[in-house]
Amino acid sequence: MKVGIVGGTGYTGGELLRLLYNHPKVDVNVVTSRREVGKEVWKVHKHLKGFYDLKFVEPDIKNLEDCDFVFTAVPHGEAMNYVPELLEVGIKVVDLSADYRLPKDVYERVYGEHKAYINAIYGLTEIHREEIKKADLVANPGCYPTGCILAVAPIARYVEKVIFDCKSGITGAGAKPTEFTHYPNLHESLVPYRVTNHRHYWEMVQELRRFNENVIVHFTPHVFPGSRGILTTAHVFLKEDLSEEEVKRIYEEFYENCYFVRIQEEVRLSYVRGSNFCDVAIFKGEDRFVIVSAIDNLVKGASGQAIQNMNVMMGWDERLGLEIPPLFP
Ligand SMILES: NC(=O)c1ccc[n+]([C@@H]2O[C@H](COP(=O)([O-])OP(=O)(O)OC[C@H]3O[C@@H](n4cnc5c(N)ncnc54)[C@H](OP(=O)(O)O)[C@@H]3O)[C@@H](O)[C@H]2O)c1
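The model shown is predicted, which means the values in this text are computed figures rather than measured ones. (Residues numbered from 1 in each chain as written. Predicted model: local features only at pLDDT ≥ 70, side-chain atom pairs only at ≥ 80, totals over all residues. Heavy atoms only, no water.)

**Q** Sorry if this is basic, but what is going on with the overall build of the protein here?
**A** Counting its secondary structure elements, the protein contains eleven helices and 13 strands. Taking 329 residues into account, the globule formula puts the C-alpha radius of gyration at 20 Å, and the protein, at 19 Å, falls close to it. On the principal axes, the C-alpha backbone points of the protein span a range of 60 × 45 × 40 Å. Sorting the 329 residues of the protein into buried and exposed places 54% on the buried side. Partitioning the contacts of the protein with sequence separation of at least 6, the portion at a separation of at least 24 is 70%. Counting every atom, the protein has about 15,000 Å² of accessible surface; 47% of that belongs to carbon and sulfur. Looking at the protein, you have 38 positive and 46 negative side-chain charges, and the mean spots of the two groups are 4 Å apart. (Helix = DSSP H or I, 4+ residues; strand = E, 2+ residues; numbered from the N terminus. Rg over C-alpha atoms; globule rule 2.2 N^0.38 Å. Buried < 20%, exposed > 50% of the residue type's maximum accessible area, 1.4 Å probe, protein only. Contact = heavy atoms within 4.5 Å. Areas by Shrake-Rupley, 256 points an atom, 1.4 Å probe, with all protein chains shown as cover. Lys, Arg positive; Asp, Glu negative; His and termini not counted. Charge placed at Lys NZ, Arg CZ, Asp CG, Glu CD.)

**Q** Would you mind going over the site of the ligand with me for this structure?
**A** Every one of the 28 residues lining the ligand counts as a neighbour, but Thr9, Ser33, Arg34, Val74 and Tyr82 are closest to it. Contact between the ligand and Leu96: an oxygen atom at 3.5 Å from a main-chain N or O atom of the residue. Between the ligand and Asn297, the relevant distance is 2.9 Å, taken from an oxygen atom to a side-chain nitrogen or oxygen of the residue. Protein coverage of the free-state accessible area of the ligand, which is 900 Å², stands at 87%. At the level of elements, helix H1 (11-20) and helix H11 (299-313) are the ones that each hand at least two residues to the shell around the ligand. Looking at side-chain class alone, the shell around the ligand contains eleven nonpolar, 13 polar and four charged residues. Here the shell around the ligand spans two domains, since at least three of its residues come from each of domain 1 (2-119) and domain 2 (144-298). (Near = heavy atom within 4 Å. Polar contact = N/O pair within 3.5 Å; in protein donor to acceptor, adjacent residues only side chain to side chain. Nonpolar A, V, L, I, M, F, W, Y, C, P; charged D, E, K, R; others polar. Domains from an automatic or database assignment.)

**Q** Quick question: what am I supposed to make of the packing of aromatic side chains here?
**A** Centre distance and the angle of the planes are the two values used to describe a pair of aromatic rings. Following the criterion strictly, the structure yields 15 aromatic pairs and no others. Pairing Tyr259 with Phe277 gives two aromatic rings, centres 5.6 Å apart and planes at 50°, and the pair type is tilted. Of this pair, Tyr259 sits in the loop between helix H10 (244-254) and strand S11 (261-263) while Phe277 sits in the loop between S11 and strand S12 (278-284), placing them 18 residues apart in sequence. Among the aromatic residues, those joined into a ring-pair cluster are Phe211, Tyr251, Phe254 and Tyr255. The positively charged end of Lys161 is found above the aromatic ring belonging to Phe237, 5.5 Å away from the centroid. Across the ring face of Tyr259, the terminal group of Arg319 is positioned such that the distance to the ring centre comes to 5.3 Å. (Phe/Tyr/Trp six-rings, centres within 6.5 Å; stacked < 30°, edge-to-face > 60°. Lys NZ or Arg CZ within 6 Å of the ring centre and 35° of its normal.)

**Q** Would you mind showing me how to read the sheet that holds strand S6 (residues 137-139) here?
**A** The strands that make up a sheet pair up through hydrogen bonds in the backbone, lying either parallel or antiparallel. Pairing in this open sheet of six strands is parallel, and the strands run S2-S1-S3-S4-S6-S5 from one edge to the other. The open sheet has two free edges, formed respectively by strand S2 (27-31) and strand S5 (121-122), since each of these has just one partner strand. (Pairing = 2+ DSSP bridges.)

**Q** What is the right way to look at the pairing of strand S13 (residues 289-295) in this model?
**A** For a regular strand, the rule is simple: side chains alternate between the two faces of the sheet. When you tally the buried positions in S13, you get seven out of seven residues, the bulk of the element. Residues Phe289, Ile291, Ser293 and Ile295 of S13 are buried on one face, and the alternating residues Val290, Val292 and Ala294, pointing to the opposite face, are buried as well. Sheet topology places strand S10 (residues 230-238) next to S13; seven bridges connect them, and they run antiparallel. In the sheet register, Ile230 faces S13, and the bridge partner there is Ile295. Where S12 and S13 come together, six bridges link them in antiparallel fashion. The residue of S13 that forms the bridge with Lys284 is Phe289.

Dropping the structure here:
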């Protein structure tokens, strides 16, 4: 199958290229950039030298028409300029931006005007697999919501309140350097930001309220001075008393057919790095459960999950191209 990537110079675009190289049913035929038209893909992604002979082309529909499937890996507010045209010419799309993750009114309250709204399926594969099978447009989840929702979904119906405390590597902010990501501003530091008003909050509420419309959600993100990974510590207060054994059994059953979610006794970012796994560990405290999850934000939090969704949309085994052991240590 011929695949295109819109936004191929970015971190998630580069990660799509890395992962799709090993996909048995896919060839990447088109990679776009506005800034690097005509340049070899490997000259921007030097770690991919020897893997691709492609050159970047303009993100123009004419260049993408021959594709069967396209990933849009551009900032929110920009994907909406490409997605409707792609769907119109019969191309299936996974959009990695926020443009199609929320209902229009919520999107406009959180992100601003939406010029080209279309209903999409929210692409948290483990929760929406059956709808994704029939979808032409899948909205890939945000990186934080992926780790948070997977940490709590199995017991969401028992939850009164959950507090998500998340730590992310800096690739979550994209490839363009800023003052926030500047080395001396982050090095040997840990930085809380958007402490009570991060936009990903709305996805968490949307998805967890599918299980329990009264669940109360709090979320605070931090950045640590590493490149990959999101560690989520979820402090979960239940409405009723459940034993540790009961909760563990609920998780095992919920994720029974989910290859990419692993219940572990111990969770570390280094156990999932470079892979599409979400590791989850369960601890019982006096008045709460603490559920810890770990993902690689560029893989399960973005490009890996996007490929997992493509596999499901195409009716293929969702593991295709993604059975990669994590890079440890
Ligand atoms: N980084 C993560 O961990 C992560 C996780 C989940 C979701 N996401 C989402 O995935 C998307 C891509 O993220 P990223 O981290 O890869 O961003 P990035 O590193 O900043 O890359 C953005 C890409 O979009 C292209 N681009 C920007 N504006 C464009 C426009 N108007 N038209 C066409 N192309 C445009 C850029 O290419 P040129 O300038 O060369 O054209 C670049 O290739 C974002 O929506 C982000 O929120 C990111």
